[in-house]
Every structure is written in structure tokens, then in C-alpha cells.
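# Chains, contacts and geometry: an overview
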Amino acid sequence: MHLIRLFMMAIDILEKGEIRTHREGDLPTLLAIRRGDYMLPDGTFSPEFYEMLEEYEHRLDEAAAKTELPDGPDMKKVEAFVERINRYAVTGELT
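Now for a look at the structure at hand. (Residues numbered from 1 in each chain as written. Predicted model: local features only at pLDDT ≥ 70, side-chain atom pairs only at ≥ 80, totals over all residues. Heavy atoms only, no water.)

## Some thoughts on the packing of helix 1 (residues 2-16) against helix 3 (residues 47-66)
Defined as follows: For helices, the axis comes from a line fit to the C-alpha atoms of the stretch in contact; other axes are also lines fit to C-alpha atoms, and the angle between any two N-to-C directions lies between 0 and 180 degrees. We count a stretch as a helix when DSSP gives it H or I for four or more residues in a row; a strand needs E for two or more, and each element gets its number in order from the N terminus. Each angle gets one of four labels, with under 35 degrees taken as roughly parallel, over 145 as roughly antiparallel, 65 to 115 as roughly perpendicular, and the rest as oblique. Each crossing gets its handedness from the near helix: less than a right angle anticlockwise from the far helix is left-handed, clockwise is right-handed. The contact criterion used throughout is that any non-hydrogen atoms of two residues lie within 4.5 Å.
At a closest axis distance of 9 Å, the pairing of helix 1 and helix 3 adopts a crossing angle of 20°. The angle between helix 1 and helix 3 places the two elements in the roughly parallel class. The two elements helix 1 and helix 3 meet at a crossing, and its hand is left-handed. Contacts between helix 1 and helix 3 involve L3, I4, F7, M8, A10, I11, L14 and E15 from the first element and F49, M52, L53, Y56, E57, R59, L60, A63 and A64 from the second.

Here's what the structure looks like:
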């Protein structure tokens, strides 16, 4: 279940630039996986699960190829944030 949820979240990040942890629309699928609906009697996963996994892998690859997100973080902004947090930790003042 968590593997598929992480694929869903990664696709959202790449396509929409947002982190959506509450997966209300995806809940039936995720709960079906958790319940074991995609498991065989021997404890392995069904072909349907692997088909779903392959589809999410494909969607993630497509989203990664088309994303408008930058390849890396804006390091100046990261450094400014870290400096602000460190200053707050030392002085107790936000700037």
C-alpha cells in the first residue's frame, strides 16, 4: 500500500508541484491493497497488483520527463532558510 501511495504522491509532486498526503480519492484502492485483496493464497502479490505497479512506474517516468520543477533546489534560498533557523536557535529571534 505504501509503495503505491508513494508513487501517487511523487506523481502529484511532479505534475502539480504539490504534496498531497490525504488520498481520499485513492483510499479504496489503497485500502484494498492493505486488506490483501491483491495477494495470492501463498502470500505473494497477484498479477493485477504488478500491472498496477507497472502503470504507476510508467506514469512516474512520464511525469518526471514532463515536469516543470527544476533539477535541483535554489541553494541561495536553502542557505538563507538554514541561516534563519540557526539564528533563531541561538538568539530566539526571528528575522
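Next, the rest of the story.
## Looking at the pattern of salt bridges
Where we set the bar: Within this document, salt bridges are pairs made up of a side-chain nitrogen of Lys or Arg and a carboxyl oxygen of Asp or Glu, the two lying within 4 Å of each other. Three labels apply to residues, based on accessible area from a 1.4 Å probe with only protein chains included: buried if under 20% of the type maximum, exposed if over 50%, partly exposed otherwise in between.
Counted by the stated rule, this structure contains 7 salt bridges. R23 is the salt-bridge partner of D12, the closest N and O atoms lying 2.6 Å from each other. Of this pair, D12 sits in helix 1 while R23 sits in the loop between helix 1 and helix 2 (27-35), and the two are 11 residues apart along the sequence. Given the relative accessible area of 5%, D12 is considered buried. With a closest N to O distance of 3.9 Å, D26 and R20 form a salt bridge. For D26, a relative accessible area of 18% translates into the label buried.

## Quick look at the environment of S46
Structurally, the position occupied by S46 is in the loop between helix 2 and helix 3. Of the residues examined, S46 reaches a relative accessible area of 6% and is grouped as buried. Along the chain, S46 and G36 lie 10 residues apart, while their C-alpha atoms are 9.9 Å from each other. When residues no more than four places from it in sequence are discounted, the contact partners of S46 are Y38, M39 and L40.

## A closer look at a nonpolar patch on the surface
Quick note on the threshold: The patches described consist of residues with a relative accessible area above 30% and no salt bridge, like charges being joined within 9 Å and nonpolar side chains (Val, Leu, Ile, Met, Phe, Trp, Tyr) within 5 Å. In this description, accessible areas are obtained by the Shrake-Rupley approach with a 1.4 Å probe, and a residue is regarded as covered only by the protein chains that are shown.
Taken together, the side chains of M75, V78, F81, V82 and I85 present a nonpolar region at the surface, about 430 Å² in accessible area. Mapping I85 onto the fold places it in helix 4 (residues 75-91).

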